[in-house]
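# Fold and contact review
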Amino acid sequence: ELTACCTHTLKGKNVIVTGGGTQEAIDPVRFIGNHSSGRMGFALAKAAVLAGANVTLVAGVSTLPTPLGVIRRIDVTSTYEMKNAVDQYYEDCDLVIKAAAVADYRVSHPAQNKIKKSEETLSLEMEKNPDILYGLGQRKTHQTLVGFAAETVNVLEYGMAKLKKKNLDLLVANDVSAEGAGFQSNTNIATLIFPDGSMEKLNKMEKYELAAIIIDRAAAILTQKNT
Ligand code: CTP
Ligand code: CA
C-alpha cells in the first residue's frame, strides 16, 4: 500500500528531512521546547526511502526509531544545531523537507549552573533564532524546498505568504486547531500550496499516508525541473 499513490520516483536523489522539535536551554537541566513528536518527519523519511532517495534525517528531539533505509541520522537539540546539520548537506542535496517544529527564539544567556529559585517572578530574555528554511531559500540553486506551516487561523493565507517569503516549491499547510490534526496526533489535515497559487486540499489522513502524497508531489516537481 506504500507505493500505491507514488507514481514518481526519487531514485538516486539526495534528500534531507528534518523532523521533531528543537529545544533551547535555560540552564543545564531546563529547556524551552514544543510538543512535536517527530511522527510527520519520520514518516516523510520513510516515504522518501521507499521512493528510492538517499535520505539524511536531521532529527530534533524525538523518541522514534530511525526508519529502515535512512542512510544518515543526525540528532540535534537546538535550532542552531539543526541549522548547522542542514547547511552541511544542503549543497549536494536535491530536496529538503522541513517538517521539524523549530524554536523561533532561544534564551539569550543560558545559565552555566542550575538556576536557584529566589524572587517571586523570573524573566528570561530570548532572542530570535535564524530561520533555517528562509536561509535555504535564499541560497537555492537546483534544490527543491518543501516547508510546513502549522496554523490555527487564516491557514491558507498565512501558508501562501510563507511559501513566497521562503522561496519554497511546496508548502504543507496544517490546520492544527482542527480535531485530528497537529503535534500529538496520528493524523493531519493538510492543504498543499504551490507557487503558481494552486492548492490541493487533502482529507484527514494518517501521517504516513500524507507523507507518501507529499513525497509524490515533491518528486513530480523534481522531475519537471529536469525536463
Ligand atoms: N522554520 C525554519 N527555521 C525557523 C523557523 C521555522 O526552518 N527558525 C521552518 C519550519 O521547519 C517550517 C517552516 O519554516 O517548515 C514554517 O515554520 P512556521 O513555524 O510555521 O513559520 P515561521 O516562519 O516560524 O512563522 P510563525 O511561527 O511566526 O508563524
Ligand atoms: Ca515558527
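As the structure is a computational prediction, the values presented were derived from the model and not from experiment. (Residues numbered from 1 in each chain as written. Chains lettered and ligands numbered in written order. Predicted model: local features only at pLDDT ≥ 70, side-chain atom pairs only at ≥ 80, totals over all residues.)

## Let's talk about the site of ligand 1
Taken together, 14 residues form the shell around ligand 1, and within it Lys98, Val102, Ile132, Leu133 and Gly147 come nearest. Broken down by secondary-structure element, the contributors of at least two residues to the shell around ligand 1 are helix 3 (132–138) and strand 9 (144–151). No other element matches strand 9, which puts four residues into the shell around ligand 1. Partitioning the shell around ligand 1 into residue classes produces seven nonpolar, three polar and four charged. (Near = placed C-beta within 6 Å. Helix = DSSP H or I, 4+ residues; strand = E, 2+ residues; numbered from the N terminus. Nonpolar A, V, L, I, M, F, W, Y, C, P; charged D, E, K, R; others polar.)

## A short note on the sheet that holds strand 1 (residues 14–19)
Strand order across the open sheet formed by eight strands is 5-4-1-6-9-10-12-13, with mixed pairing between neighbours. Two strands bound the open sheet, and with one partner strand each, they are strand 5 (72–75) and strand 13 (199–201). Taking the axes of each pair of neighbouring strands and ignoring which way they run, one obtains an average angle of 15 degrees across the sheet. Pairing of strand 6 (residues 95–98) with strand 9, which is carried by four bridges, proceeds in the parallel orientation. Bridging across to strand 9, Leu95 finds its partner in Thr144. Sitting on the sheet, helix 1 (residues 39–50) is in contact with strand 1, strand 4 (54–59) and strand 6, with an inclination near 165 degrees to strand 1. (Pairing = 2+ DSSP bridges. Axes fitted to C-alpha atoms, helices over the stretch in contact; angles between N-to-C directions. Contact = placed C-beta atoms within 7 Å.)

## Brief notes about the pairing of strand 2 (residues 24–27)
One ladder, built from three bridges, connects strand 2 with strand 3 (residues 30–32); its direction is antiparallel. From the neighbouring strand, Ala25 faces strand 3, where its bridge partner is Phe31. Two successive antiparallel strands, strand 2 and strand 3, enclose a turn made up of two residues.

## Overview of the environment of Ile32
Position of Ile32 among the secondary structure elements: in strand 3. The spatial distance from the C-alpha of Ile32 to the C-alpha of Met160 is 28 Å, given a sequence separation of 128 residues. If near-sequence neighbours (up to four positions away) are discounted, Ile32 is found in contact with Gln23, Glu24, Ile26, Ala103 and Val107.

Limitation: the analysis is restricted to geometry and does not speak to function.
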